[in-house]
Amino acid sequence: MDLGLKGCKAIVTGGTKGIGRAIATMLAEEGAHVGVCARNQAGVDATVKALKAKGVNACGAAVDVSKGDQVTAWVNDSAKALGGIDIVIPNVSALAIPNTPEAWRQEFEIDMMHTYYAVTAALPHLEKSKAGAIVVISSISGIEIDFAAGPYGATKAQLIHYAKGLACQLAPKGIRCNSVSPGNTYFEGGVWPMIEKNMPDLFKMALDKNKTGRMATAEEVANGAVFLASPRASFITGTNLVIDGCVTNRVA
Amino acid sequence: MDLGLKGCKAIVTGGTKGIGRAIALMLADEGTHVSVCARTKADVEATVKTIKGKGVGAHGAALDLADAAALKTWVDDAAKALGGIDIVVANASALAIPNTPESWKREFEVDLMGTVHACEHALPYLEKSKAGAIVVISSVSGVEADVVAGPYGSTKGALIHYAKGLACRLAPKGIRANTVSPGTTYFEGGVWHQIEQNNPELFKLGLSMNKMGRMATAEEVANGAVFLASPRASFITGTNLLVDGALTNKVA
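Scoring rules and cut-offs
- Residues numbered from 1 in each chain as written.
- Chains lettered and ligands numbered in written order.
- Predicted model: local features only at pLDDT ≥ 70, side-chain atom pairs only at ≥ 80, totals over all residues.
- Heavy atoms only, no water.
- Helix = DSSP H or I, 4+ residues; strand = E, 2+ residues; numbered from the N terminus.
- Rg over C-alpha atoms; globule rule 2.2 N^0.38 Å.
- Contact = heavy atoms within 4.5 Å.
- Areas by Shrake-Rupley, 256 points an atom, 1.4 Å probe, with all protein chains shown as cover.
- Lys, Arg positive; Asp, Glu negative; His and termini not counted.
- Charge placed at Lys NZ, Arg CZ, Asp CG, Glu CD.
- Expected span 1.5 Å × (residues − 1).
- Buried < 20%, exposed > 50% of the residue type's maximum accessible area, 1.4 Å probe, protein only.
- Arc of directions from axis to C-beta.
- Salt bridge = Lys/Arg side-chain N within 4 Å of Asp/Glu carboxyl O.
- Patch = residues over 30% accessible without salt bridge, like charges linked within 9 Å, V, L, I, M, F, W, Y side chains within 5 Å.
- Axes fitted to C-alpha atoms, helices over the stretch in contact; angles between N-to-C directions.
- Left-handed = near helix turned anticlockwise from the far one by under 90°.
- Pairing = 2+ DSSP bridges.
- Buried area = accessible area lost by both parts, 1.4 Å probe.
- Polar contact = N/O pair within 3.5 Å; in protein donor to acceptor, adjacent residues only side chain to side chain.
- Nonpolar A, V, L, I, M, F, W, Y, C, P; charged D, E, K, R; others polar.

**Thoughts on the overall build of chain A**
For step 1, the next point in the chain: Helix and strand content of chain A: eight helices and seven strands.
For step 2, the next point in the chain: Taken over the C-alpha trace, chain A has a radius of gyration of 17 Å; the compact-globule value for 252 residues is 18 Å, and the two agree within 12%.
For step 3, the next point in the chain: If you line up chain A on its principal axes, its C-alpha atoms span 50 × 40 × 40 Å.
For step 4, the next point in the chain: Partitioning the intrachain contacts of chain A with sequence separation of at least 6 by distance along the chain shows that 71% fall at a separation of at least 24.
For step 5, the next point in the chain: For chain A, the exposed area adds up to about 9900 Å²; of that, 54% sits on carbon and sulfur atoms.
For step 6, the next point in the chain: In chain A, the 24 positive side-chain charges and the 22 negative ones have mean positions that sit 6 Å from each other.

Next comes the structure, spelled out in structure tokens:
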């Protein structure tokens, strides 16, 4: 299936690791030019190099996404470097789970507000695009109460709501917005191998809840995100695509 | 994006018109062998010919989905003709809207039991597949109460529930089940085309609910269904993909 992504310009926050990296890589494989940001300059440099090797334009910057002005500057720099923006994928999460004021604040400033700043700064560029699309990475913890209920779960729910609102507001302009809610996603250097090593009981509990007997790969989540970002999803806006191997039981 | 559908075998109910036909043809374009069923023999023959023209195996039968025996025979015949079944797309609907016992019965027999029989009877074949997937076509009317609440809407709601139950039940076997819920879909000879001609006021209302200012094409719905049916959606099971251009306002 030709997704129609060739020549599109996409930006991905947290695009150097895990789900974000898998999305950036897959977009480049489909011929999209890609800008990434992440905290670590070396990670950004390595990712930009790998993306360029796929024959597309790539750019990146080391950004502290808890700082709105840094996110805004990165979006505008990316638009300049790539020649516009068609696709925005806010993907970074603070992964802050304890029920403390600090964790609530981190979730708010990173998960919620970096998404807000990335989308808001990108909107003037998306309005000039013929394939404008936003894909917000949320989590199943935003739709069912699990061990991450509290700062993480509630903020992920806020992201799903924000994405639906954007979808409704931007539909008349032809800009689409969807969210992806992954279940447990296992990749090297990610949170689940860490939990596997340091909290084996929690890991076992989580794995047991996976009716498929395994967790998702980052690529399996990226498949859905990239499809939603593409012109093939031209009438899909305002949906929340759950990619969880049926971990959640809720209907519709 | 290579969806990995080459050589797969799929069956599609109501595969000669509208969304079902778009799905059948798109599957064939991806290299999948396809069997369709529908009520009108001439339509089945024409569609089988078109599918064969794409260089894949094709099969079809004329039947009414309310006839459980004929439906089961078609499933077995399709498996024989294609050499197995990897994908079941339960798409046909009675589109019975008035709040009468006749409509309730027709929705029950065609939409609900037609889907139940097709899925359950195909299970032994799906169990032998390495890419077993079920895609049930429901409707936004199953997730929000609208002008077709009653037999149509509540039966569509039941289908979403049934698909989620299948997803949970079949996850340990590696068989996936998802729902697609299209919004208003406009195609030549379809229900919205008819409404446009016969009830312009209702058409105007239907169109005005679309924040994108237009209705979906059958191909736009098929894009989502075919993606979910494909091995690229390997960890997506138990989800309900809205393809509605943000027609619905519900969150998550």
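**Side note on helix α2 (residues 41-52) of chain A**
All names here are of chain A.
For step 1, the next point in the chain: Look at α2: 16 Å from first C-alpha to last across twelve residues, which is about the 16 Å you get at 1.5 Å a residue.
For step 2, the next point in the chain: Inspection of α2 places Val-44, Thr-47, Val-48 and Leu-51 among the buried residues, and these make up the whole buried set. For α2, the buried positions fall inside an angular range of 100 degrees around the axis, keeping them on one side. α2 presents Ala-42 and Lys-49 as exposed residues on the side facing more than 90 degrees away from its buried surface.
For step 3, the next point in the chain: Against the buried residues of α2 lie α1 (18-29), β2 (33-38) and β3 (58-62).

**A few points about the side chain of Glu-30 of chain A**
For step 1, the next point in the chain: Note on placement: Glu-30 of chain A falls in the loop between α1 and β2.
For step 2, the next point in the chain: Arg-232 of chain B is the oppositely charged side chain nearest to the buried, salt-bridge-free Glu-30 of chain A, at an N-O distance of 5.4 Å.
For step 3, the next point in the chain: Beyond its immediate stretch of four places on either side in the chain, Glu-30 of chain A contacts Leu-3, Leu-5 and Lys-6 of chain A together with Met-1 of chain B.

**Remarks on helix α8 (residues 218-229) of chain A**
For step 1, the next point in the chain: In this model, α8 of chain A (twelve residues) spans 16 Å end to end at C-alpha, consistent with the 16 Å of a helix rising 1.5 Å per residue.
For step 2, the next point in the chain: Counting buried positions along α8 of chain A gives eleven out of twelve residues, so the element sits mostly inside the fold.
For step 3, the next point in the chain: Buried residues of α8 of chain A: Ala-218, Glu-220, Val-221, Ala-222, Asn-223, Gly-224, Ala-225, Val-226, Phe-227, Leu-228 and Ala-229 of chain A, and no others.
For step 4, the next point in the chain: Here the buried face of α8 of chain A lies against α1, β4 (87-89), β5 (133-137), β6 (176-182) and β7 (240-243) of chain A together with α8 (218-229) of chain B.

**Topic: a nonpolar patch on the surface**
Residue and element names in this part refer to chain B.
For step 1, the next point in the chain: On the surface, a nonpolar cluster with roughly 260 Å² of combined accessible area is contributed by Val-147, Leu-205 and Met-209.
For step 2, the next point in the chain: Within the secondary structure layout, Met-209 lies in the loop between α7 (200-208) and α8.
For step 3, the next point in the chain: The exposure class assigned to Met-209 is partly exposed, which follows from its relative accessible area of 34%.

**Quick notes on the packing of helix α3 (residues 68-82) of chain A against helix α4 (residues 101-127) of chain A**
Residue and element names in this part refer to chain A.
For step 1, the next point in the chain: Contact geometry of α3 with α4 gives a least axis separation of 9 Å together with a crossing angle of 35 degrees. Between α3 and α4 lies a crossing whose hand is right-handed. Contacts between α3 and α4 involve Gly-68, Val-71, Thr-72, Val-75, Asn-76 and Ala-79 from the former and His-114, Tyr-117, Ala-118, Ala-121, Ala-122 and His-125 from the latter.

**With respect to the pairing of strand β4 (residues 87-90) of chain B**
Look at any regular strand and the pattern is simple: side chains alternate between the two faces of the sheet.
All names here are of chain B.
For step 1, the next point in the chain: A two-sided burial pattern is seen for β4, the buried positions comprising Ile-87 and Val-89 on one face and Val-88 and Ala-90 on the other.
For step 2, the next point in the chain: As judged from the three bridges shared by strand β1 (residues 9-13) and β4, these two strands associate in the parallel manner. Residue pairing across strands places Val-12 opposite Val-89, the latter belonging to β4.

**A short note on the sheet that holds β3 of chain A**
Backbone-to-backbone hydrogen bonds join strands into a sheet, with any given pair of strands oriented parallel or antiparallel.
All names here are of chain A.
For step 1, the next point in the chain: Strand order in this open sheet of seven strands is β3-β2-β1-β4-β5-β6-β7, and the pairing throughout is parallel. Strands with a single pairing partner mark the edges of an open sheet, and in this sheet they are β3 and β7. Each adjacent strand pair in this sheet contributes to an overall mean axis angle of 15 degrees, direction not counted.
For step 2, the next point in the chain: Across three bridges, strand β1 (residues 9-13) lies against β4 in parallel orientation. Pairing of Ala-10 across the sheet is with Ile-87, part of β4.
For step 3, the next point in the chain: Its contacts with the sheet put α1 on β1, β2, β4, β5 and β6, and the angle it makes with β1 is roughly 170 degrees.
For step 4, the next point in the chain: Across the face of the sheet, α3 comes into contact with β1, β2 and β3 while running at roughly 150 degrees to β1.

**Regarding the interface of chain B and chain A**
For step 1, the next point in the chain: Taken together, the 42 residues of chain B in the interface contact 43 residues of chain A.
For step 2, the next point in the chain: Summing both partners gives a buried area of about 3700 Å² for chain B against chain A, and 67% of it is carried by carbon and sulfur.
For step 3, the next point in the chain: Where chain B packs against chain A, one counts zero salt bridges.
For step 4, the next point in the chain: Taken together, chain B and chain A are joined by 19 residue pairs in polar contact (both at pLDDT 80 or more).
For step 5, the next point in the chain: Sorting the residues of the side of chain B that touches chain A by element identifies α5 (151-170), α8 and β7 (240-243) of chain B as the ones contributing at least two each.
For step 6, the next point in the chain: A breakdown of the residues in the side of chain B that touches chain A according to their chemical character gives 22 nonpolar, twelve polar and eight charged.

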